[in-house]
Amino acid sequence: MRTIRVETSAATILLTEAPEPKVRDRKTGEIAKDANNGEALMTIGVVYIEEGESSLIKVTVPEGGVSEGLTLGAPVSLPGLVARPWESVFNGQQRHGIAYRAAAVTPAAFPAAMGDAA
């Protein structure tokens, strides 16, 4: 399926859930791996705020892309953020959504308030 690049330059992104391993199979506890290089995948929770609206989203990040110094509630940067629509049938029910993935998650700074001039 097609991936859609997400432009984040005008957004404020705050970390709401610390990185944890992405589980591929809940029954066995198997950790999800990147299909291209086999690297373990992690998930984080963020609130994405843009133009006065906010959304809570989960983002998948390769384990090597998780930076040190991440703090809950603090702003983060998600370089290479993409969205990919998905759909599947689970227990006879059609389900669909959007999966988010980024190349990394790094600490960021709060944007300067409008009108703050140096």
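Residues numbered from 1 in each chain as written. Predicted model: local features only at pLDDT ≥ 70, side-chain atom pairs only at ≥ 80, totals over all residues. Heavy atoms only, no water.

Under the annotation held in an unreviewed UniProt entry, the protein carries the name Replication activator protein Pra and is attributed to Streptomyces chrestomyceticus.

**Description of the overall build of the protein**
The condition that has to hold: Numbered from the N terminus, helices here are DSSP runs of H or I no shorter than four residues, and strands are runs of E no shorter than two. Summary of the burial criterion: residues with accessible area below 20% of their type's maximum are buried, those above 50% are exposed, and those between are partly exposed, where the area comes from a 1.4 Å probe applied to protein chains only. Contact definition: two residues touch when any of their heavy atoms are within 4.5 Å. In these tables, accessible area is a Shrake-Rupley quantity obtained with a 1.4 Å probe, and a residue counts as shielded only by the protein chains included in the view.
Check the secondary structure of the protein and you find zero helices and 10 strands. Relative to its 118 residues, the protein shows a buried fraction of 26%. Considering only contacts in the protein between residues 6 or more positions apart, those separated by 24 or more positions represent 60%. Working note: accessible area of the protein is about 8,200 Å², and carbon and sulfur atoms make up 51% of it.

**Looking at the confidence of the model for the protein**
Stated formally: Values of pLDDT, the confidence the predictor places in each residue, fall between 0 and 100.
Of all residues in the protein, 93% have pLDDT values of 70 or greater, and the mean over the chain is 91. Mean pLDDT in the protein bottoms out at strand 3 (residues 23-25), which sits at 89, and peaks at strand 5 (residues 41-50), which reaches 97.

**Focus on unusual backbone geometry**
Residues other than glycine seldom take positive phi values, yet glutamate 51 does so here, at roughly 50 degrees. Within the secondary structure layout, glutamate 51 lies in the loop between strand 5 and strand 6 (53-62). Assessed through its relative accessible area of 78%, glutamate 51 is described here as exposed. Phi is positive for asparagine 91, close to 50 degrees, though the residue is something other than glycine. Note that asparagine 91 resides in the loop between strand 8 (82-90) and strand 9 (93-101).

**Notes on the pairing of strand 9**
Threshold: Each pair of strands is called paired provided DSSP finds at least two bridges between the two strands.
The sheet contact formed by strand 6 and strand 9 spans two bridges and is parallel. Its bridge partner being in strand 9, valine 59 is matched across the sheet by tyrosine 100. Looking at chain direction, strand 8 and strand 9 are connected through nine bridges and run antiparallel. Within the sheet, the bridge partner assigned to arginine 84 lies in strand 9 and is alanine 99. The turn joining strand 8 and strand 9, which pair antiparallel and follow one another in sequence, is formed by two residues; a positive phi near 50 degrees is taken by asparagine 91.

**Brief notes about the side chain of aspartate 34**
Which entries qualify depends on this criterion: Each polar contact in these results corresponds to two N or O atoms within 3.5 Å; when the atoms are within protein, one needs to be able to donate a hydrogen and the other to accept it, and residues that are neighboring in sequence are counted only if both atoms are side-chain atoms.
Counting through the fold element by element, aspartate 34 comes out in the loop between strand 4 (30-31) and strand 5. According to the relative accessible area criterion, aspartate 34 is buried, its value standing at 12%. Within the local environment of aspartate 34, its side chain forms a polar contact with the backbone nitrogen of asparagine 36, the two atoms lying 2.7 Å apart. When sequence neighbours within four positions are dropped, the list of residues in contact with aspartate 34 reads Glu39, Leu41 and Arg101.

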